[in-house]
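# Inside the fold
This is what each chain is made of:
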Amino acid sequence: MTAKEKETKKSKQQGVEITGSEAVIRSLITEGAEVIFGYPGGAIMPVYDALYDYRNALRHILTRHEQGAIHAAQGFARVTGKVGVCISTSGPGATNLITGLADAMIDSTPLVCITGQVASPLLGTDAFQESDVVGISMPVTKWNYQITTAEDIPDAIAKAFYIAASGRPGPVLLDITKDAQFGLLKYKYAKCHKIRSYVPEYPVEKEKLIEAAALINAAKKPFLVFGQGVMLGGAEKELKNFLEKTGIPAAWTLLGLSSLNSDHPLNTGMLGMHGNYGPNIKTNECDVLIAVGMRFDDRVTGTLKTYARQAKIIHIEIDPAEIDKNVKTTVALLGNAKKVLRLLSVLVEEKTHEAWLNEFRQAHDIEVEKVIHADLRPVKPGLTMGEIIRRVSEYTKQKAVIVSDVGQHQMAAARYSRFKHSRSHITSGGLGTMGFGLPAGIGAKLGAPNREVVVFVGDGGIQMTIQELGTLAQENVGVKIVVLNNHFLGMVRQWQELFFEKRYSFTKILSPDFVKVADAYGIPGNSVSSRNKLSEAIKTMFTTEGPYLLEVKIEKEDNIFPMVPAGASVSDILLSLEEAVK
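For the structure given in this document, a descriptive report is provided here. Predicted, not measured: the structure shown is a model, and the values here were computed from it.

## Brief notes about the nonpolar core
- If you look at the biggest cluster of nonpolar residues, it comprises 78 residues, and the most contacted ones within it are L224, F242, I290, L344 and V552.
- Ignoring sequence-local partners within four residues, the contact set of I290 consists of I216, F223, L224, V225, F242, I248, I314 and I316.
- Counting residues in each nonpolar core, the second largest holds 48 residues, with A69, A104, L173 and L469 among its members.

## As for helix α18 (residues 408–416)
- The element α18 is largely enclosed, with a buried count of nine among its nine residues.
- Among the residues of α18, those classed as buried are Q408, H409, Q410, M411, A412, A413, A414, R415 and Y416.

## Some thoughts on the sheet that holds strand β14 (residues 331–334)
- The sheet built from six strands is open, its strands ordered β11-β10-β9-β12-β13-β14 with parallel pairing. Sheet topology places β11 (267–270) and β14 at the edges, where each strand pairs with a single neighbour. On average, adjacent strands in this sheet sit at an angle of 20° to one another, irrespective of strand direction.

## So, the side chain of E468
- Summarising the element assignment, E468 is placed in the loop between β17 (453–458) and α20 (469–475).
- The buried charged residue E468 lacks any salt bridge, with R64 as its nearest oppositely charged partner at 5.7 Å.
- In terms of polar contacts, E468 uses its side chain to reach the side chain of T471, at 2.7 Å.
- E468 has contacts with T63, R64, H65, G68, L438, P439 and I442, leaving out every residue within four places of it along the chain.

## Focus on empty space enclosed by the protein
- For the coordinates displayed, the defined rule picks out one cavity of 30 Å³ or more.
- For the largest cavity, the calculated volume is near 40 Å³.
- Counted by class, the lining of the largest cavity contains four nonpolar, two polar and two charged residues.

## What about the sheet that holds strand β6 (residues 143–147)?
- In spatial order, the strands read β3-β2-β4-β5-β7-β6; together these six strands make up an open sheet with parallel pairing. Strands at the two margins of the open sheet, each flanked by one partner only, are β3 (59–62) and β6. Sheet twist, expressed as the average angle between the axes of neighbouring strands with direction ignored, equals 20°.
- Across seven bridges, strand β5 (residues 111–117) lies against strand β7 (residues 171–177) in parallel orientation. In the sheet register, Q117 faces β7, and the bridge partner there is T177.
- Here helix α4 (residues 66–80) sits on the sheet and contacts β2 (35–38), β4 (84–88) and β5; the angle it forms with β4, its principal contact strand, is near 170°.

## Considerations on the packing of aromatic side chains
- Going through the model one piece at a time under the given rule, you end up with 10 aromatic pairs.
- With centroids separated by 5.7 Å and ring planes inclined at 10°, the aromatic side chains of W143 and Y145 adopt a geometry described as stacked.
- Where Y395 meets F542, the ring centres are 5.1 Å apart and the plane angle is 15°; that geometry is what we call stacked. Of this pair, Y395 sits in helix α17 (residues 385–395) while F542 is found in helix α23 (residues 534–543), placing the two residues 147 residues apart along the sequence.
- Classification of Y395 by relative accessible area gives partly exposed; the value is 35%.
- You can call F542 buried: its relative accessible area is 9%.
- Here the basic side chain of R55 rests over the ring of Y52, its NZ or CZ set 3.9 Å away from the ring centre.
- The ring of F488 is capped by R493, whose NZ or CZ atom sits 5.8 Å from the centre of that ring.

## What to know about unusual backbone geometry
- Of the consecutive residues F561 and P562, the connecting peptide bond is found in the cis state with omega at 0°.
- When you line up the elements, P562 lands in the loop between β20 (548–553) and α24 (577–580).
- In this model, K502 sits at a positive phi of 60°, which is unusual for a non-glycine residue.
- In this structure, K502 sits in the loop between α21 (490–499) and α22 (514–520).

## Comments concerning the environment of A400
- With respect to the secondary-structure elements, A400 resides in the loop between α17 and β15 (401–404).
- The spatial distance from the C-alpha of A400 to the C-alpha of H425 is 8.7 Å, given a sequence separation of 25 residues.
- Once you skip the residues sitting within four places of it in the chain, A400 turns out to touch F419, S424, R451, E452 and V454.

Criteria and cut-off values
- Residues numbered from 1 in each chain as written.
- Predicted model: local features only at pLDDT ≥ 70, side-chain atom pairs only at ≥ 80, totals over all residues.
- Heavy atoms only, no water.
- Core = buried A, V, L, I, M, F, W, Y, C linked by side-chain atoms within 4.5 Å.
- Buried < 20%, exposed > 50% of the residue type's maximum accessible area, 1.4 Å probe, protein only.
- Contact = heavy atoms within 4.5 Å.
- Helix = DSSP H or I, 4+ residues; strand = E, 2+ residues; numbered from the N terminus.
- Pairing = 2+ DSSP bridges.
- Axes fitted to C-alpha atoms, helices over the stretch in contact; angles between N-to-C directions.
- Lys, Arg positive; Asp, Glu negative; His and termini not counted.
- Salt bridge = Lys/Arg side-chain N within 4 Å of Asp/Glu carboxyl O.
- Polar contact = N/O pair within 3.5 Å; in protein donor to acceptor, adjacent residues only side chain to side chain.
- 1 Å grid on protein atoms, 1.4 Å probe; cavity = no way out; pocket = protein on both sides within 12 Å on 5 of 7 lines; lining within 4 Å.
- Points joined across faces, edges and corners; volume = space filled by probe spheres on them.
- Nonpolar A, V, L, I, M, F, W, Y, C, P; charged D, E, K, R; others polar.
- Phe/Tyr/Trp six-rings, centres within 6.5 Å; stacked < 30°, edge-to-face > 60°.
- Lys NZ or Arg CZ within 6 Å of the ring centre and 35° of its normal.

Here it is as structure tokens:
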């Protein structure tokens, strides 16, 4: 029997007396955890000591910062659909997770985060590296719990995984005191399948289905908008079948991207502030708006005073808290998107809406002429974000996992990457966390080792978590990093140009030689600034084994259009700088 087989057998033993720290590791293995991300410290040291005996059964990735650990766990969860796991110590180790928890909470990412804590007799005494992580994290977790006795560990971990993954997913935090880690218990583990008073998913109401189907069947200009709820519910096939039966044009939110093939004839593009022209203006022209697994975020709706006022709203959503929160619905269909779309598809009529769909095509032609052509085939000598991203997408045959940080490049990546497979686009949506991209890319590659993973990041964002190059190097994770360097905090600079009279207040940024920094970690790289060298640089990046960093120096004042100004209607979308400065 191999060491791994012995460890697996040991992890399945029930009723034997073990320490709380070993119970943590066994419980993670039983829940199917494969990779965990973390950083050791005093208060979590017993768990790390237990992990030493299970290191062949559970892979641990030592990140360079706890924020890197939780973003990596997010990337792993987003690409696999599994629960991501990260571990940190108490005090600053625990508080360094808060940004990632907030990000995961608003983007519905399933995580189980385990923090060490001082011994229970010291709680509340301001002991060394004590922080009230349960109190601090309460607003940004789906559930959190402090464990003070070893006997509570198995049940708490079972509940944590169930809560994190069920219903609308989200992050869970378990804070384990040091004496609970050292304590002994008779280990028994039972997976959790139900918690009293917790209703992760509601039964679909037949009457509501009939009412929604009637509205859809009578519609002349129906429009479907979908978010990440399609992906989280595993409803990609059901969405495609529903659209093809009804002939309804569809558009996606930033986190819904890749749920529907980019080349599907009913896919009209992205909604929102930097979304496509057609989906935005047609939102205020449709007669029935079907929202699937999205929460009517302000970046999608613009001002609510004018958003889809003419339309009947059908909202398919698993979380009742999102119903009528921002947009008043005509029919609310509570439930998992997969189940609701399957049931609704039976009731709707087979149709085409060719004339209505043609209006989207005409709007797209306008956008091609005024925006897309200039982004993809620029006449300026400087490189644009759009052309770089599209070339990468074409080189990978639309099969790569694209991870983006936050800023102008994030919007360009969403607009110009193309996708054939679901769970292929990972970014920080609701929180907009700069520094997310690089560690999330590490997690994504570990979750999808057989796929190309490309991280697009700005010269500002990469410097927030650049130390994770050390993680890449140590673990030899084959992430391809493309730094789009314009020597600015680009998105803030764009707003300053458009709305603050070009008063570039503290948005110019001095950066290191990124290629030399990568080289210092033993990671190969290259820097290009001319169009005639771009294709060869991209080819070299992908044909080089392991991690690689490609810096591309782009136009300093390259802007992202279209753009819906903050507080404006989606109908008032701007297509050019000239329109913006009028």
